[in-house]
Amino acid sequence: MNKTLRNAVIAGNWKMNKTPAETTALINEMKPLVAGADCDVVLCVPFVDLQAAIEAAKGSNIKIGAQNVHFEKSGAFTGEISADMLTALGVEYVIIGHSERRTYFGETDVTVNKRTLAALNAGLTAIVCVGEYLEQREQGITAELVAMQTKIALQGVSAEQLKKVIIAYEPVWAIGTGKTATADQANEVNAAIREAIADVYGKDVADTVTIQYGGSMNAANAEELLSKPDVDGGLIGGASLKAQDFSVIVKAASK
Ligand code: 13P
């Protein structure tokens, strides 16, 4: 299909793991392993590790992202972090709407949209997560659901701004469970997401959007998942905490 139109992006989501000192050590271990990769390499680390990560990644091909961003510019929002605070540090990416935020922290499609707009307006690249629960897959509504999640997340995003949006398809039942979607399942849903984007922006634009798969992607299964025409990269949890495993996934995306 049109895979050559898109950047392959492998992003690690460290979730709530690693101190600043551990961040420095892990990035130093990863740097030589991912050097020269023919794909974009991103690590999304906890807020308190961002500075250490940016420092450690300097001069390498690793870019740094956060795991959330608030939609207001500043003000009385205790515990929140604004997009300008992130860009001031040198952060370039941010994960938005991860299922863990939707499930445990009350994130909705509407707040995902607000955060996406705030991130894009500040010049960040937004990694917007969508995905179904097992019950929804069994109900046969996965494609409709991810299409709706995608369209709401992108409400008010211009075609120009869409260049800085990555969609991550993460089936909730595959996250941290060791249960990966098959490569065909991942490809089928990613294609449905691309169709939803085409409904709004047209096919030519949709063909340029990077759509990742995430959910127990690891060193052993990455190559097969990434070989699929609509799987343009990965959002990696557990395996991104191991330098060797993460670098194998990066290499699989570079082929
Ligand atoms: P795992 O790779 O640990 O399943 O996590 C996936 C994920 O949630 C990435 O955002």
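Given the structure is predicted, the values throughout are model-derived calculations rather than measurements.

**What to know about the site of the ligand**
Lining the immediate environment of the ligand, one finds Asn13, Lys15, His98, Glu170, Ala174, Ile175, Gly176, Gly215, Ser216, Leu235, Gly237 and Gly238. One of the backbone nitrogen or oxygen atoms of Gly238 is found 2.8 Å away from an oxygen atom of the ligand. Along the lines of polarity and charge, the residues of the shell around the ligand split into 3 nonpolar, 7 polar and 2 charged.

**Notes on helix 5 (residues 109-121)**
With 13 residues, helix 5 extends 18 Å from end C-alpha to end C-alpha; this agrees with the ideal 18 Å at 1.5 Å per step. When helix 5 is considered as a whole, its buried residues turn out to be Asp109, Thr111, Val112, Asn113, Arg115, Thr116, Ala118, Ala119 and Leu120. Of the residues flanking the end of helix 5, it is Gly123, one or two places downstream, whose phi is positive at about 90°.

**What to know about the pairing of strand 3 (residues 62-66)**
Of all 5 residues in strand 3, 4 are buried; the element is thus mostly enclosed. Bridging between strand 2 (residues 40-44) and strand 3 involves 4 bridges; their strand directions are parallel. Across the sheet, the residue bridging to Cys44 is Gly65, located in strand 3. Where the polypeptide runs from strand 2 across helix 2 (residues 50-57) and back to strand 3, its parallel neighbour, the crossover connection is right-handed. Here strand 3 pairs with strand 4 (residues 93-96) via 2 bridges, running parallel. The partner of Gly65 across the bridge, within strand 4, is Tyr93.

**As for the packing of aromatic side chains**
Considering all chains together, one arrives at 2 aromatic pairs under this definition. Arranged with centres 6.3 Å apart and planes meeting at 85°, the rings of Tyr104 and Phe105 form a pair that is edge-to-face. As far as burial versus exposure is concerned, Tyr104 and Phe105 are alike and both exposed. Against the face of Phe71 rests Lys114, its NZ or CZ located 4.4 Å from the ring centre.

**A word on the pairing of strand 4**
The side-chain alternation of strand 4 yields two buried faces, one formed by Tyr93 and Ile95 and the other by Val94 and Ile96. Between the parallel pair strand 3 and strand 4, the chain is carried across by helix 3 (residues 83-89), and the sense of this crossover is right-handed.

**Section: the sheet that holds strand 5 (residues 125-130)**
Strand pairing in a sheet relies on backbone hydrogen bonds. The paired strands run either parallel or antiparallel. With parallel pairing, the 8 strands of this closed barrel are ordered in space as 1-2-3-4-5-6-7-8. Recorded for the sheet is a direction-independent mean angle of 25° between the axes of neighbouring strands. Pairing of strand 4 with strand 5, which is carried by 4 bridges, proceeds in the parallel orientation. Looking at the pairing, Ile95 lines up with Ile127 of strand 5.

**Considering the environment of Gly65**
You can see Gly65 is positioned in strand 3. Sequence-wise, Gly65 and Phe47 are 18 residues apart; in three dimensions their C-alpha atoms are separated by 9.2 Å.

**A short note on the state of the cysteines**
Cysteine pairs can be linked by a disulfide, which is a covalent bond between their two sulfur atoms. Considering all chains together, one arrives at 0 disulfides under this definition. The thiol of Cys39 is unpaired, and the distance to the nearest cysteine sulfur, on Cys44, comes to 14 Å.

**Observations concerning the environment of Ser254**
Examined against the element boundaries, Ser254 turns out to sit in the segment after helix 12 (243-253). Judged by relative accessible area, Ser254 falls into the partly exposed class, the value being 22%. In the structure, Ser254 is positioned 28 residues away from Leu226 in sequence and 9.6 Å away in space, judged by C-alpha atoms. Filtering out sequence-adjacent residues up to four positions away, Ser254 remains in contact with Ala37, Asp38 and Cys39. Here the side chain of Ser254 touches Asp38 through a polar contact of 3.2 Å, landing on its backbone nitrogen.

**A closer look at the side chain of Gln212**
When you line up the elements, Gln212 lands in strand 7 (residues 211-214). Taking relative accessible area as the criterion, Gln212 reaches 0% and is therefore assigned buried. At 3.2 Å, the side chain of Gln212 and the backbone oxygen of Gly234 are in polar contact. Excluding residues within four positions of it along the chain, Gln212 makes contact with Val9, Ile10, Ala11, Ile127, Ile166, Ile167, Ala168, Tyr169, Asn190, Gly233, Gly234 and Leu235.

**Points about unusual backbone geometry**
Positioned with a positive phi, Lys15 is a non-glycine residue whose angle comes to about 50°. One can find Lys15 in the loop between strand 1 (9-13) and helix 1 (20-34). Unusually for a residue other than glycine, Ser216 sits at a positive phi of about 55°. Examined against the element boundaries, Ser216 turns out to sit in the loop between strand 7 and helix 11 (222-226).

About the cut-offs
Residues numbered from 1 in each chain as written. Predicted model: local features only at pLDDT ≥ 70, side-chain atom pairs only at ≥ 80, totals over all residues. Heavy atoms only, no water. Near = heavy atom within 4 Å. Polar contact = N/O pair within 3.5 Å; in protein donor to acceptor, adjacent residues only side chain to side chain. Nonpolar A, V, L, I, M, F, W, Y, C, P; charged D, E, K, R; others polar. Helix = DSSP H or I, 4+ residues; strand = E, 2+ residues; numbered from the N terminus. Expected span 1.5 Å × (residues − 1). Buried < 20%, exposed > 50% of the residue type's maximum accessible area, 1.4 Å probe, protein only. Pairing = 2+ DSSP bridges. Right-handed = clockwise from strand over helix to strand, strands pointing away. Phe/Tyr/Trp six-rings, centres within 6.5 Å; stacked < 30°, edge-to-face > 60°. Lys NZ or Arg CZ within 6 Å of the ring centre and 35° of its normal. Axes fitted to C-alpha atoms, helices over the stretch in contact; angles between N-to-C directions. Disulfide = S-S within 2.5 Å. Contact = heavy atoms within 4.5 Å.

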